[in-house]
Amino acid sequence: MRSYSLLAPAKINLYLEILGDRPDGFHELIMVLQSVDLADRIDIRANGSQTIHVRCNHPQVPIDSSNLAYQAVALMSQHFPEQFARFGGVDIYIDKQIPVGAGMAGGSSNGAAVLVGIDLLWKLGLTHDELQTLGAQLGSDVPFCIAGGTALATGRGEKLDSLPGLDNLYVVLAKYRSLSVSTPWAYKTYRQRFGDSYLSKSAFEERQKQIHAAPMMAAIAHRDSPQIGKLLYNDLEKVVLPEYPQVLELRETFEKMGTLGTMMSGSGPTVFALAESLAEARAIREKMQTAIPNPDLELWVTKFRQSGIQVVD
Ligand code: C5P
């Protein structure tokens, strides 16, 4: 095969706790990550030259070397120079459906899809573990995006333990089209405000052990949707909500509707609400449209998903 099409799903964070500073400048985290059906489609084709070309239908997505899809090819060509010489570079087309700059790992998932696509094009036969180790060099969320599903993520977000799959929950996503939040800004601001109470390195391990007995883990193990909804948590809300009143308004509006639970995803500005059924999710979307009739507000209904990158063609 000289070309592949892959689905690159988005993720939401059901839980995001910041423990403290790491020596590499990142934050030590505990997260519960969940794939959703909303996905980009990535077409990757061997071009017979030694070049990398990225195209995308979304004007805000960079198509130069800052795109994680581009960086994924560059990384693979460094690690596998013989295969790069033999099979050549690639043309990549990104059909962007995941909101951009949204806290939903759209760029990371594109990078993950390209790693999987190159593995197939160059006949490398890499395991998920090997792809995830490579993915960690591209970004903290890339390893999760490869396997997807429901996972507990620690370290920078790259150390993964898969959790029992939750496939019965629906999600309403809300994001203002013109609003995006810089992830580095969110973490930097969090450090400025809460750095004094950061845990020490020795306390990280203790907290990471405790999390396995935490109520959220029990709720997931029992597939207890109402409890999962109640236990949603994101430390980054503490810095993003005060700075972005529109995000706070979305969250409060969902909350007033009495959904299963609502929370900002990642560093935002996407806010999600959980629902037990498709009908309930659609009703929440309609109520949101009525409550905030702003043409800049985009809404999606999607569903929890059990897997990450999927080859479709
Ligand atoms: O790894 P990724 O490129 O997605 O991270 C984007 C930015 O988010 C980092 O440059 C860093 O500022 C912040 N970050 C962090 N700790 C993490 C993950 C991300 O401080 N565990």
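What comes next concerns the included structure. On a predicted model such as this, the values are computed, not experimentally measured, just so you know.

**A short note on the site of the ligand**
Surrounding the ligand, one finds Phe26, His27, Leu29, Gly139, Ser140, Arg156, Thr183, Pro184 and Tyr187. One of the backbone nitrogen or oxygen atoms of His27 is found 2.8 Å away from a nitrogen atom of the ligand. At 2.6 Å from an oxygen atom of the ligand is found a side-chain nitrogen or oxygen belonging to Ser140. Protein burial of the ligand: of its 450 Å² of free accessible surface, 74% is covered by the chains. Those elements that place two or more of their residues in the shell around the ligand are strand 2 (27-46) and helix 6 (183-194). It is helix 6 that contributes the most residues to the shell around the ligand, 3 residues altogether. Looking at the shell around the ligand, its residues break down into 4 nonpolar, 4 polar and 1 charged. Counting the residues that make up the shell around the ligand, at least three belong to each of domain 1 (3-165) and domain 2 (170-303).

**Re the packing of aromatic side chains**
A complete count under the given rule lists 5 aromatic pairs for this structure. With a centroid separation of 5.8 Å and 90° between ring planes, the pair formed by Trp185 and Tyr244 is classed as edge-to-face. Here the residue Trp185 occupies a position in helix 6, and Tyr244 occupies one in the loop between helix 10 (237-243) and helix 11 (245-256), the gap between them amounting to 59 residues. Looking at Trp185, the relative accessible area reads 23%, which means it is partly exposed. Pairwise contacts between aromatic rings join Tyr190, Phe194 and Tyr198 into one cluster. In this structure, Arg156 packs its charged tip against the face of Phe26, placed 4.6 Å from the ring centre. Cation over ring: Lys238 sits above Phe194, and NZ or CZ is 5.2 Å from the ring centre.

**Some points on the state of the cysteines**
Following the criterion strictly, the structure yields 0 disulfides and no others. No disulfide involves Cys56; its nearest neighbouring cysteine sulfur is the one of Cys145, lying 16 Å away. By relative accessible area, which is 3% here, Cys145 ends up buried.

Each value, and the rule that gives it
- Residues numbered from 1 in each chain as written.
- Predicted model: local features only at pLDDT ≥ 70, side-chain atom pairs only at ≥ 80, totals over all residues.
- Heavy atoms only, no water.
- Near = heavy atom within 4 Å.
- Polar contact = N/O pair within 3.5 Å; in protein donor to acceptor, adjacent residues only side chain to side chain.
- Areas by Shrake-Rupley, 256 points an atom, 1.4 Å probe, with all protein chains shown as cover.
- Helix = DSSP H or I, 4+ residues; strand = E, 2+ residues; numbered from the N terminus.
- Nonpolar A, V, L, I, M, F, W, Y, C, P; charged D, E, K, R; others polar.
- Domains from an automatic or database assignment.
- Phe/Tyr/Trp six-rings, centres within 6.5 Å; stacked < 30°, edge-to-face > 60°.
- Buried < 20%, exposed > 50% of the residue type's maximum accessible area, 1.4 Å probe, protein only.
- Lys NZ or Arg CZ within 6 Å of the ring centre and 35° of its normal.
- Disulfide = S-S within 2.5 Å.

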